[in-house]
Amino acid sequence: MAKKYYVVWKGKQTGIFESWDKVKTLIQGVSGAKYKSFSSRSQAESAYRNPDSVVSTPKKKKSKYYVIWDGDNSGVYTDWDVAKTKLKGVPWERFKTFGSKVLAERALEEGHEKYVGKDFRKTRDLSESEIDKIGNPVEMSLSVDAACSEMTGLMEYQGVWTFDSETVVFKKGPYQQGTNNIGEFLALVHALAMFQNEKDPKFREMPIYSDSRIAMGWVKAGKCKTKSKPGPELKVLIQRAEKWLASNTFKNPIWKWETKVWGEIPADFGRK
């Protein structure tokens, strides 16, 4: 992943920073906080000295596809105003928003049952071949995720069965002065340690999904490389997790959850 440099013009502290986790703590709760990322330090330094020279690039509006499974009204709609007129009297479980046209068309054909309770708004347009190459998630697996409030810094994490997201296997927190990546790191180590203690050997090889490449990298390195300053309780948990990684080996594969194709990870807290 390419390194980024973050300029904060208005926040609890201004300057140039190399950690997004750090920047988040500086802009949390600051009304009208001003910040931007750059691909090189020279660009960041120039922008910091001359904020008026920075031109905001308008974001291209992402396409959305509205799927309705309801008899004569069934279809994939790209215009929300049109979709709304078709939704009168339609149960919400027979309506879903997608960011991918291919997935939306596939969902219409397969029926609503497979898509109930799942969020596909973060999916994006890919070719059929790209989607097929990524494939489908392994259902006999565990999914982990974390949630952190930008306003309070309170963080919690959980793990659920990928095939049954309503069954929460573990849930911890909230902890003070956390970040999403710290939570994902702790969730992964928690899952690894839990499976290590299971008597049934199949658990020691069960896949674990995370949507954080950063946290996955930290587990691989055996160290939580956050540049933020976690609270005292979190510090203890991080040290314990790093000690466990240094003292144990594991066979559980840790795989990236492909949000752009599969939608939100089953362990998502649903607070976006």
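Here we summarise the structure given alongside this text. If you're wondering where the values come from, they're calculated on a predicted model, not measured in any experiment.

1. With respect to a positive patch on the surface
Now for step 1: A grouping of K61, K62, K64 and R124 is seen on the molecular surface, where their side chains present a positively charged patch.
Now for step 2: One can find K64 in the loop between α2 (41-49) and β4 (65-68).
Now for step 3: Given the relative accessible area of 46%, K64 is considered partly exposed.

2. A look at the nonpolar core
Now for step 1: Membership of the largest hydrophobic core comes to 35 residues, with the highest contact counts inside it found for F185 and L186.
Now for step 2: Among the elements of the structure, β7 (142-148), β8 (155-161), β9 (164-175), α6 (180-196), α7 (213-221) and α8 (232-247) are those that each provide at least two residues to this core.
Now for step 3: Among the elements that line this core, the one with the most residues is α6, at eleven residues.

3. Concerning α6
Now for step 1: In a regular helix each residue adds 1.5 Å, so 17 residues correspond to 24 Å; α6 covers 24 Å between its end C-alpha atoms and thus fits that length.
Now for step 2: Counting buried positions along α6 yields 14 of 17 residues, so the element is predominantly enclosed.

4. Some details on the sheet that holds strand β6 (residues 95-98)
Now for step 1: Across the sheet, which stays open at both edges, the three strands sit in the order β5-β4-β6 with antiparallel pairing between neighbours. Edge positions in the open sheet fall to β5 (75-77) and β6, since each of these has one partner strand only. With direction set aside, neighbouring strand axes in the sheet form an average angle of 25 degrees.
Now for step 2: Strand direction decides the pairing type here: β4 and β5, joined by three bridges, are antiparallel. Bridged to I68 within β5 is G75.
Now for step 3: Against the sheet, helix α4 (residues 101-110) makes contact with β4, β5 and β6, and its axis sits at roughly 0 degrees relative to β4, the strand it touches most.

5. As for the state of the cysteines
Now for step 1: Applying the stated criterion across every chain, the model contains zero disulfides.
Now for step 2: Counting only cysteine sulfurs, C224 is the nearest neighbor of C148, a cysteine outside any disulfide, at a range of 13 Å.

6. Side note on the packing of α6 against α7
Now for step 1: Viewed as axis vectors pointing N to C, α6 and α7 meet at an angle of 50 degrees, and their least axial separation amounts to 8 Å. On the basis of their axis angle, the class for α6 and α7 is oblique. When the axes of α6 and α7 are compared, the crossing they make is right-handed. Contacts between α6 and α7 involve N181, I182, E184, F185, L188, V189 and L192 from the first element and I214, A215, M216, W218 and V219 from the second.
Now for step 2: Classifying every residue of the contact of α6 with α7 by side-chain character gives ten nonpolar, one polar and one charged.

7. Structural notes on the sheet that holds strand β1 (residues 5-10)
Whether parallel or antiparallel, the strands of a sheet pair through hydrogen bonds between backbone atoms.
Now for step 1: Judged by pairing direction, the sheet is antiparallel, and its three strands sit side by side in the order β2-β1-β3 without closing on themselves. Unpaired on one side and paired on the other, β2 (15-17) and β3 (34-38) mark the two borders of the sheet. Here the strands of the sheet are splayed against their neighbours by 25 degrees on average, with no regard to which way each runs.
Now for step 2: Sheet analysis places β1 next to β3, joined by five bridges and oriented antiparallel. Looking across to β3, one finds that V7 is bridged to K36.

What counts as what
Residues numbered from 1 in each chain as written. Predicted model: local features only at pLDDT ≥ 70, side-chain atom pairs only at ≥ 80, totals over all residues. Heavy atoms only, no water. Patch = residues over 30% accessible without salt bridge, like charges linked within 9 Å, V, L, I, M, F, W, Y side chains within 5 Å. Areas by Shrake-Rupley, 256 points an atom, 1.4 Å probe, with all protein chains shown as cover. Salt bridge = Lys/Arg side-chain N within 4 Å of Asp/Glu carboxyl O. Lys, Arg positive; Asp, Glu negative; His and termini not counted. Charge placed at Lys NZ, Arg CZ, Asp CG, Glu CD. Helix = DSSP H or I, 4+ residues; strand = E, 2+ residues; numbered from the N terminus. Buried < 20%, exposed > 50% of the residue type's maximum accessible area, 1.4 Å probe, protein only. Core = buried A, V, L, I, M, F, W, Y, C linked by side-chain atoms within 4.5 Å. Expected span 1.5 Å × (residues − 1). Pairing = 2+ DSSP bridges. Axes fitted to C-alpha atoms, helices over the stretch in contact; angles between N-to-C directions. Contact = heavy atoms within 4.5 Å. Disulfide = S-S within 2.5 Å. Parallel < 35°, antiparallel > 145°, perpendicular 65-115°, else oblique. Left-handed = near helix turned anticlockwise from the far one by under 90°. Nonpolar A, V, L, I, M, F, W, Y, C, P; charged D, E, K, R; others polar.

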